[in-house]
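A structural walkthrough
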Amino acid sequence: AWVCDVEKEELPAEIAARGPFGALVLAAVLEHFREPFDVLGRLTRIAAPGAVLVIITTNRDSLSHILFGDQWEGHFDWTHKSVERIGAPALRAELSALGWRIARMDTKHLWDVSADPTRATLREWWASDARFRRLLVERDLGDLLTCVAVRS
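Presented here is an overview of the structure given in this document. (Residues numbered from 1 in each chain as written. Predicted model: local features only at pLDDT ≥ 70, side-chain atom pairs only at ≥ 80, totals over all residues. Heavy atoms only, no water.)

What about helix 4 (residues 88-97)?
- Those residues of helix 4 lying buried are Ala 88, Ala 90, Leu 91 and Leu 95. Relative to the axis of helix 4, the buried residues are bounded by an arc of 160 degrees and lie together on one face. For helix 4, exposure combined with an orientation more than 90 degrees from the buried face picks out Ser 96 and Ala 97.
- Looking at the buried positions of helix 4, the neighbouring elements they touch are helix 2 (36-44), strand 2 (47-58), strand 3 (100-108) and strand 4 (144-151).
- Looking at the residues trailing helix 4, positive phi occurs at Gly 99, about 90 degrees. (Buried < 20%, exposed > 50% of the residue type's maximum accessible area, 1.4 Å probe, protein only. Helix = DSSP H or I, 4+ residues; strand = E, 2+ residues; numbered from the N terminus. Arc of directions from axis to C-beta. Contact = heavy atoms within 4.5 Å.)

As structure tokens, then:
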């Protein structure tokens, strides 16, 4: 096992020697970097042509972030250094510029645990109304974003 802050350090030689890599998975990771798109650029350099990139992260363009601003659940984790930078449109643009083709991107879930009645209402709508869930998914308004991209 190796430890590396890919945002500040080069990959350990033992890891770099195993590349280029055919798959990269960033599950609940990207929002923790100060410069998430710089990290994606660094990782792109070690990805083979045709490599698959899977990203699961927060979505700054979610309905609950729009409604609750600084009180959005994504802000409660102090290690979310770039939670205000990552959303579906930004990720589409940045990945395209880095030479990735998005095979699938969607947002889902309503991430909020507050006892506030308005927030509880949103959770109830999400849980009980398929039309509401579909609206959030179709408009990229869910709190969590999943992206699968292929390197050109």
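Here's the deal with the pairing of strand 4
- By the criterion of burial, strand 4 is predominantly enclosed, with six of the eight residues buried.
- As defined by bridge partners, strand 2 adjoins strand 4 across seven bridges and the pair is classed as antiparallel. Note that in strand 4 the partner of Val 52 across the bridge is Val 150.
- Here strand 3 runs beside strand 4; their pairing, made up of eight bridges, is antiparallel. (Pairing = 2+ DSSP bridges.)

Section: unusual backbone geometry
- Residue Gly 19 is joined to Pro 20 through a cis peptide bond whose omega torsion reads 0 degrees.
- Among the structural elements, Pro 20 can be located in the loop between helix 1 (13-16) and strand 1 (21-27).

Digging into the packing of helix 5 (residues 117-128) against helix 6 (residues 130-138)
- Put simply, helix 5 and helix 6 touch, their axes get as near as 5 Å, and they point 100 degrees apart. Taken together, helix 5 and helix 6 sit at an angle that is classed as roughly perpendicular. The residues of helix 6 that touch helix 5, namely those facing Leu 122, Trp 125, Trp 126, Ala 127 and Ser 128, are Ala 130, Phe 132, Arg 133 and Leu 136. (Axes fitted to C-alpha atoms, helices over the stretch in contact; angles between N-to-C directions. Parallel < 35°, antiparallel > 145°, perpendicular 65-115°, else oblique.)

Considerations on the sheet that holds strand 3
- Here we have four strands laid out as an open sheet, ordered 1-2-4-3, and mixed in their pairing. Whereas interior strands pair on both sides, the edge strands pair on one side only; in this sheet they are strand 1 and strand 3. Strand-to-strand twist across the sheet, computed as the mean angle between neighbouring axes with direction ignored, equals 10 degrees.

Topic: the environment of Arg 123
- Position of Arg 123 relative to the elements: it lies in helix 5.
- Each C-alpha atom, one on Arg 123 and one on Leu 110, is 6.6 Å from the other, the two residues being 13 residues apart in sequence.
- Look past the residues within four positions of Arg 123 in its chain and what remains in contact with it is Leu 110, Asp 112, Val 113 and Ser 114.

These figures capture arrangement, not role.
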